[in-house]
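Read off the chains here:
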Amino acid sequence: MERTNAALALIPLFPLVGSVAAFLVGRVHKRAAGIIASLASILAFVWTAKLFAAMSAETVLEDVVFSWFGVASLQVDFTLRMDALGAVMCLVVTGIGSLIHIYSTAYMAEDDSVHRFFSYLNLFMFSMLLLVLGGNLLVLFVGWEGVGLCSYLLIGFWFRTIDYAAAGRKAFVVNRIGDAGFLLGIFLLWMNFGTVDFLELEAAIAGNMTLVGLCTVVALCLFIGATGKSAQIPLFVWLPDAMAGPTPVSALIHAATMVTAGIYMMARMDFVFALAPFTLAIVTIVALLTAFVAATTALLQNDIKKVLAYSTVSQLGFMFLAASAGAYWVAIFHVVTHAFFKACLFLGAGSVIHGCHHEQDMRHMGGLSRYMPITFATYLVATLAIAGIFPFAGYQSKHAILGALEHNVNPYIAPYNSWIVALVTFTAFLTAFYMTRSLAMTFFGKYRGHAHPHESPAAMSGVLVALAVLSLFGGWFLETRLPNFLEHVLAVAPGHASETIVESLLHSWVGIAGVVLGLLFYTSLAGVPGLVFSLFKPIGVLFQRKWFVDELYQAILVRPLEGVSRGLWKAVDQGFIDGAVNGSGAVIDTSGQVLRLTQSGQVRHYALWMFVATIAIVVFFLVRS
Amino acid sequence: MIPVSFYLTLAALMFTIGVCGVAIRRNVIVVFMCIELMLNAVNLSMVAFSRTVGNLDGQIGVFFVMVVAAAEAAIGLGIIIALFRSTRSLESSEASELRR
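Definitions and limits used
Residues numbered from 1 in each chain as written. Chains lettered and ligands numbered in written order. Predicted model: local features only at pLDDT ≥ 70, side-chain atom pairs only at ≥ 80, totals over all residues. Helix = DSSP H or I, 4+ residues; strand = E, 2+ residues; numbered from the N terminus. Buried ≥ 20, exposed ≤ 12 C-beta atoms within 10 Å, placed from the backbone. Contact = placed C-beta atoms within 7 Å. Rg over C-alpha atoms; globule rule 2.2 N^0.38 Å. Core = buried A, V, L, I, M, F, W, Y, C linked by C-beta atoms within 7 Å. Pairing = 2+ DSSP bridges. Axes fitted to C-alpha atoms, helices over the stretch in contact; angles between N-to-C directions. Parallel < 35°, antiparallel > 145°, perpendicular 65-115°, else oblique. Nonpolar A, V, L, I, M, F, W, Y, C, P; charged D, E, K, R; others polar. Expected span 1.5 Å × (residues − 1).

Colleague: Whenever I open this one, the overall build of chain A confuses me. Can you help?
Modeller: Scanning chain A from terminus to terminus reveals 26 helices and three strands. With the C-alpha coordinates of chain A rotated into their principal frame, the extents come out at 120 × 60 × 55 Å. The buried share of chain A, reckoned over its 625 residues, is 51%. In chain A, of all internal contacts separated by at least 6 residues, the share reaching a separation of at least 24 is 81%.

So, in structure tokens, the structure goes:
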């Protein structure tokens, strides 16, 4: 490892300056906001790419921006550091982020507060870049909180609709619950090792088998943080509601930033997780459940964005599965390919919504392939990619995940490897099926809506094409390059034997089966889904109502909390505190009312009082002596 | 020689009249005169004691009281004039602005 100084601070600085500039200039000149923000984002990408081009797999670029604070023995510098892992994440964040910025200039053109939108968007990128570049846990945590804040701002962007504002709040609150766990993890690490710097922590922890107990707890705390940010059970409920934000925001949250933070953090802290097989087993189970529950929920959603939201939750489960099997590079690989095709899907959905005049319900779409061919083609490519069909980007990463799960050596999990692989394979099949369903309902058949759909402007379709190209070739391009590049930072298992094209096609049978079945069900055999639904009605309703998770949380958390709050409000606040305040006021008031009877306003009365008092004092002293 | 108790009885009588006047009368000038009466009752008793005891301490006290009484008369009359200007009467019961 060679550590070199480099101007890393410039990377997050571009979007930070862009954020302020976009807000100030955008207030006066609406169109300028988008241009400034996109420019800032592109500059950040170019600078990252420049640094990336100059670095080798072993380089660690470092930039101590300033000495942040020192408390007792804790000395924290505002350190930014970019190794191979950070570089990959940075490229994804700035690259995909830039594309989303460009797309947004067209998508948000008619909104009244674009300056606010682009300012938040850039701030979001700034936070995410801090998170990815942070050289110690505290800088990472600043970014971690920053993305939470920005997600709140952007999800509740149209805050005049009460539901949307509530969705923003939900995202923030749920994230805070996870953050509390994450903070506890940081505290524990600092308490035991006196540092929060990644390299120092790694030197202190890596491979030290005496730390297994501590690492199990720390890893559990960190994973709780990750479940909040990366939407795993039990904290995934905010992500589907995050659809309240404008579509490019969904793309940004789901593809480039925010949700990948948990995976990144886990990969960054791999030396802790490596010593915590028990925690990793929990991660495996949680991720498996999340992937499955979210995939089944996505089966019956009618809102095009909701399908994608649940598919993100499900795909994040895949990533955590890979990470929990120790294959961190595979998780990062899936993060990258997922960023490609999920950004493409979301922006495609945005294009559809834009073209159908803000219609999001797929039951009112259909036949759109005639009206918006570019959107259709790109959505098709991205669907095949997420379905995991060779040669599209999702195939390589999903195949790698399954490979990693088959060879999971975790003592708690290993006996059940074949079951897990089977369930994951089934989930992958469901993924292919529900994505094909959304594709078919949106683009095939006859148009069922009442608007006049039209293709989106060039700024949007251009971005879609770029992302589709990435979804097509990205996996193939990265398949061998990424592990080679990451092997000095993350554990990389020896590369699997290269396959022939026929083998690859055979391996994508799950995706192909899902797509074919989806196509059949939602085009020629249109009656079948309803028939299947009525046959398995209880399960269907369970899937349709999202496993009743929201209702469950409402019943066991929100209602009791509301009850307690109401009790505290009525009894403690209104009864006790208000009573004490009003009571003391009333005592003074009453005593004043009594005492004011002595005040006549007549001088001679006062004189008499004085006289009487004098006599009394004199008598008192006389009697005493 | 007239015994000291006579002086003291007279002084007590004068003082009581003064107190009653201050407490009962409404005319501020009468109240003012009653205050003077009380001061002079005290003066009388001090002079009487002075003569009985046989030194001049009491008489010096009287001088001080007379000086203070002179100052008080000047200020008191000023207050009465100001009161008359604002209320057009000499009734002390009229001057109850703070009560309202």
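What follows picks up the thread again.
Colleague: Whenever I open this one, the overall build of chain B confuses me. Can you help?
Modeller: In terms of helices and strands, chain B carries three helices and zero strands. From first element to last, N terminus to C terminus, chain B shows the α and β order α-α-α. Relative to the 2.2 N^0.38 estimate, which gives 13 Å for 100 residues, the radius of gyration of chain B is 17 Å and therefore markedly larger than a compact globule would have. Relative to all contacts within chain B whose residues are 6 or more apart in sequence, the contacts with residues 24 or more apart total 47%.

Colleague: Got a minute to help me understand the nonpolar core in this structure?
Modeller: For soluble globular proteins, nonpolar side chains are generally found buried alongside one another. Membership of the largest hydrophobic core comes to 204 residues, with the highest contact counts inside it found for Leu129, Leu321, Ala322, Ala331, Ile332, Ala343 and Leu467 of chain A. At 18 residues, helix H15 (residues 328–355) of chain A tops the list of elements feeding residues into this core. With residues near it in sequence (within four places) discarded, Leu129 of chain A still touches Ile11, Pro12, Pro15, Ala44, Cys90 and Val93 of chain A. Counting residues in each nonpolar core, the second largest holds six residues, with Val19, Val22, Val31 and Phe32 of chain B among its members.

Colleague: I keep staring at the interface of chain B and chain A and nothing clicks. Help me out?
Modeller: When the parts of a complex come together, some accessible area is lost, and that lost area is often used as the size of the interface. On the side of chain A, nine residues touch chain B, which itself brings 10 residues to the contact. With three residues, helix H1 (residues 4–24) of chain B is the largest single contributor of residues to the side of chain B that touches chain A.

Colleague: When you look at the pairing of strand E2 (residues 59–71) of chain A in this model, what are you seeing that I'm missing?
Modeller: One face of the sheet, then the other: side chains in a regular strand alternate in exactly this way. Residue and element names in this part refer to chain A. Pairing geometry for E2 and strand E3 (residues 74–82), over nine bridges, is antiparallel. Paired with Phe66 across the bridge in E3 is Phe78. The antiparallel hairpin formed by E2 and E3 contains two residues in its connecting segment, where Ala72 sits at a positive phi of about 50 degrees.

Colleague: Is there a simple way to think about helix H11 (residues 260–268) of chain A in this case?
Modeller: For an α-helix, the turn length of 3.6 residues means that residues three or four places apart are oriented alike. Across the nine residues that make up H11 of chain A, a large majority, nine, are buried. Turning to H11 of chain A, its buried residues are Thr260, Ala261, Gly262, Ile263, Tyr264, Met265, Met266, Ala267 and Arg268 of chain A.

Colleague: Sorry if this is basic, but what is going on with the packing of helix H1 (residues 10–28) of chain A against helix H4 (residues 114–133) of chain A here?
Modeller: Each pair of packed helices can be summarised by the angle the axes make with each other and by the distance between the axes. Residue and element names in this part refer to chain A. As a packed pair, H1 and H4 sit with axes 8 Å apart at the nearest point and diverge in direction by 170 degrees. Relative to H4, the element H1 is oriented roughly antiparallel. Of the residues in H4, those in contact with Ile11, Pro12, Pro15, Leu16, Gly18, Ser19, Ala22, Phe23, Gly26 and Arg27 of H1 are Val114, His115, Arg116, Phe118, Ser119, Asn122, Leu123, Met125, Phe126, Leu129, Leu130 and Leu133. In terms of residue class, the contact of H1 with H4 is built from 14 nonpolar, six polar and two charged.

Colleague: What exactly am I supposed to notice about the packing of H11 of chain A against helix H14 (residues 304–324) of chain A here?
Modeller: All names here are of chain A. The contact between H11 and H14 brings their axes to 10 Å, and the two run at 5 degrees. Relative to H14, H11 is oriented roughly parallel. Of the residues in H14, those touching H11 at Ile263, Met266 and Ala267 are Met319, Phe320 and Ala323. Tallied by class, the residues present in the contact of H11 with H14 amount to six nonpolar, no polar and no charged.

Colleague: Even after reading the chapter, I still don't get the environment of Ser38 of chain A, so can you show me in this structure?
Modeller: All names here are of chain A. Within the fold, Ser38 resides in helix H2 (residues 30–54). Separated by 226 residues in sequence, Ser38 and Tyr264 have C-alpha atoms that sit 25 Å apart. Residues contacting Ser38, with those up to four places away along its chain left out, are Ser98, His101, Ile102 and Thr105.

Colleague: Help me understand unusual backbone geometry, please; the structure alone is not making it clear to me.
Modeller: In terms of backbone geometry, most residues other than glycine have negative phi values and most peptide bonds are trans. All names here are of chain A. Cis peptide bonds are those with omega within 30 degrees of zero, and the linkage from Ile233 to Pro234 qualifies with 5 degrees. Tracing the chain through its elements places Pro234 in the loop between helix H8 (212–229) and helix H9 (238–241). Cis geometry is found at the peptide bond from Phe390 to Pro391, where omega equals 0 degrees. Even without a glycine there, the phi angle at His357 is positive, about 55 degrees. With respect to the helices and strands, His357 occurs in the loop between H15 and helix H16 (368–371). Residue His357 is classed as exposed on the basis of its C-beta count, with 12 C-beta atoms lying within 10 Å.

Colleague: Please clarify how H14 of chain A should be interpreted in this entry.
Modeller: Helix length check: H14 of chain A (21 residues) gives 30 Å between terminal C-alpha atoms against 30 Å at 1.5 Å per residue, within 8%. Burial within H14 of chain A is extensive, with 21 of its 21 residues counted as buried.

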